[in-house]
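Here's the letter readout for the chains.
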Amino acid sequence: MFRKITYGLIIILTLNLVVWLVTALKFIQYPYSLDFGEGILLAQSSMLAHGKNIYPSINNYPFIVSNYHPLYPFVAGIPFLFSNPGLWSGRLLTLLSAIGSMFLIGRIVHRSSGKIEIGILAGLLPLCLNYPYNWAFVYRVDYLGVFLSLLGLYLYMYPPKKGGILISIIPFILAFFTKLNFVLAPIACLIDLFVKRDRQRLQYLVVLIVGIAVPYLLINAATGFGMFHHTFSYTVNAFHPGRMVEGYREIIGFTLLLWFPVVIGIANSKGKFKTLIISYLLMIVASLVTYGAEGSDSNYFIELLFVLPMAALIWIPNADESKPEKSTQLNLRWLVLLSIVLFCFAGRVMESGEFGKAHGLNNKIEGGQKIDMFIGNCAGEVISEDLSFLARNNKEMLFQPYIMSLLARKDKWDQSRFVEDLRNKRFKLLVLRFDVNNPYHTDRPGAYGKAGFDRFTDEMEQAIMESYDVFYPISMGKKKWYLYMPKTQEK
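Here goes a summary of the coordinates provided. (Residues numbered from 1 in each chain as written. Predicted model: local features only at pLDDT ≥ 70, side-chain atom pairs only at ≥ 80, totals over all residues. Heavy atoms only, no water.)

### Observations concerning the overall build of the protein chain
How we decide: Here a helix means four or more residues in a row that DSSP labels H or I, a strand means two or more in a row labelled E, and each is numbered from the N terminus. Note that the radius of gyration is over C-alpha atoms, with the globule rule given as 2.2 Å times the number of residues to the power 0.38. Between two residues, a contact is recorded if the distance between any of their heavy atoms is within 4.5 Å. Each accessible area is a Shrake-Rupley estimate made with a 1.4 Å probe; only the visible protein chains count as cover when residues are assessed.
Within the protein chain one finds 20 helices and 4 strands. Taking 491 residues into account, the globule formula puts the C-alpha radius of gyration at 23 Å, and the protein chain, at 25 Å, falls close to it. C-alpha extents for the protein chain along the principal axes are approximately 95 × 50 × 45 Å. For the protein chain, contacts bridging at least 24 residues in sequence account for 74% of all contacts bridging at least 6. Taken as a whole, the protein chain presents about 21900 Å² of accessible surface, with 61% of it coming from carbon and sulfur.

The structure is reproduced here in structure tokens:
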């Protein structure tokens, strides 16, 4: 009976997987941004494809900050050597990384539990929450980092005969060069090695450190320590304890039902990977304190939402239903299955409105095509809030909204040159998400609470009011874009 219910749940979750894949393919083909961060990464991919430094000094144009390490924009930008930049490449990379992550946790649980159906169930569980489901359509670095972390974890747990556990260091290094915070999986492996007093622990530690340090120093040497400054010195987002607490409350509320199987498995299992999985899981939970930083989003939850299903099912109690003397194990096994069923229902059914739907995308394309036309026909330099418009039309990214304004407010960047260039009408076209002449525009401080949408300083907005006129508002779905051109000389 237990197996029949498990297979029934797998069939339902497989249908969910099919819907997800069809939806993902529609979003991959959509040519315009789904998320503010997509345009920044697309522009960086285009720069790398053309041999440009994405970690330049912020004292000269381009005024940009690259908060991530270069692996994702580099890989996503490879197709741009042969074609015009487009969001499809990064979204496809994200989708493939998501599929790979699902396969890996399924494979780990399968090998650990000895049950292929339990492995399949673990691999499909993340898609029951809208965060992993929706972020798999987006040109963002997180899924690649999760995939590489899980690949390293798998190779550590089940190393090949040739190379042994040291092979796992390769994907761990690549994960680090995707995003700084993807260091938790290798740290968990080190904790496991030292707790077990494994004779390879020091060798593993040295190879890992050297493997990260050497390319890190080389990249910084090539960029004038630009990568270090961009990923450390220029990260000045304000921290809000209330936002951090809200993030923990939100994710615990969505995942509480999965924590019961985790506790049951930890309490009843003697699995050899217990230290590894527990330390990894606890470090991820602790790292979510970063959700309190202004500008954070639910992509911060993705790594947890893949490791948690793995931890929930990797030590599922094993019992023979034909032997009533093992009733305790049998009851625990059914309790785990009940928790999983309720988790799927609560996430996928009760919150069904939060899952990405591709309806209405075609209606937004017409507005995007109009913006493309104006940018493509503009003979001079262009400033755009959505940097994907610039990359698509082979226009240089000269200014990155929000982060540069934030650095100006923190006195880490002198905005006077940019403000003066606005006053002098250096830029022949501005593409913004707000009407600067409207006192209730969406860029005013606090308009979006603590989400980080105060994208231009007051001095920049004043310079735009003085020197530019809105000449064409364009609708893209419910959102409106405002195109500005320099004011003509008054007679």
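### Thoughts on a nonpolar patch on the surface
For clarity, the threshold we go by: What makes a patch is a set of residues exposed beyond 30% relative accessible area and free of salt bridges, joined within 9 Å when like-charged and within 5 Å when nonpolar (Val, Leu, Ile, Met, Phe, Trp, Tyr). A side-chain nitrogen of Lys or Arg and a carboxyl oxygen of Asp or Glu constitute a salt bridge if their distance falls within 4 Å. Burial classification: accessible surface area is computed with a 1.4 Å probe over protein chains only, and a residue below 20% of its type maximum counts as buried, one above 50% as exposed, and the rest as partly exposed.
The grouping of Phe-74, Val-75, Ile-78, Leu-81 and Phe-82 at the surface amounts to a nonpolar patch, some 520 Å² of accessible area in total. Taking relative accessible area as the criterion, Leu-81 reaches 53% and is therefore assigned exposed.

### Re the pairing of strand β4 (residues 479–486)
A regular strand places its side chains on the two faces of the sheet in alternate fashion. Filter applied, for reference: For two strands to be treated as a pair, DSSP must find no fewer than two bridges joining them.
Where strand β2 (residues 429–432) and β4 come together, 3 bridges link them in antiparallel fashion. The partner of Leu-430 across the bridge, within β4, is Tyr-484. As judged from the 8 bridges shared by strand β3 (residues 468–476) and β4, these two strands associate in the antiparallel manner. If you follow Tyr-472 over to β4, its bridge partner there is Leu-483. Linking two consecutive strands that pair antiparallel, namely β3 and β4, is a turn of 2 residues; a positive phi of about 65° is found at Gly-477 within it.

### A short note on the pattern of salt bridges
According to the stated counting rule, one finds 14 salt bridges in the structure shown. One salt bridge in this structure joins Arg-423 and Glu-420, with 3.8 Å as the shortest N-O distance. Of this pair, Arg-423 and Glu-420 both sit in helix α19 (residues 416–423), 3 residues apart, roughly one helical turn. Owing to a relative accessible area of 37%, Glu-420 belongs among the partly exposed residues under this scheme. Taken together, the salt bridges that share partners define one network made up of Glu-381, Asp-421 and Arg-426.

### Some thoughts on the packing of aromatic side chains
We count it as follows: Pairing of aromatic side chains requires ring centres within 6.5 Å, counting the rings of Phe and Tyr and the six-membered ring of Trp. Pairs whose planes differ by under 30 degrees are stacked, by over 60 edge-to-face, and all others tilted.
Scanning all chains against the criterion turns up 30 aromatic pairs. When the centroid spacing of 5.4 Å and the interplanar angle of 80° are considered together, the rings of Phe-374 and Phe-471 count as edge-to-face. With Phe-374 in helix α16 (residues 361–377) and Phe-471 in strand β3, the pair connects residues that are 97 residues apart, well separated along the chain. A relative accessible area of 31% means that Phe-471 is categorised as partly exposed. Judged by centre distance (5.7 Å) and plane angle (45°), the rings of Phe-418 and Phe-427 are tilted. Phe-427 carries the same exposure label as Phe-418, and that label is buried.

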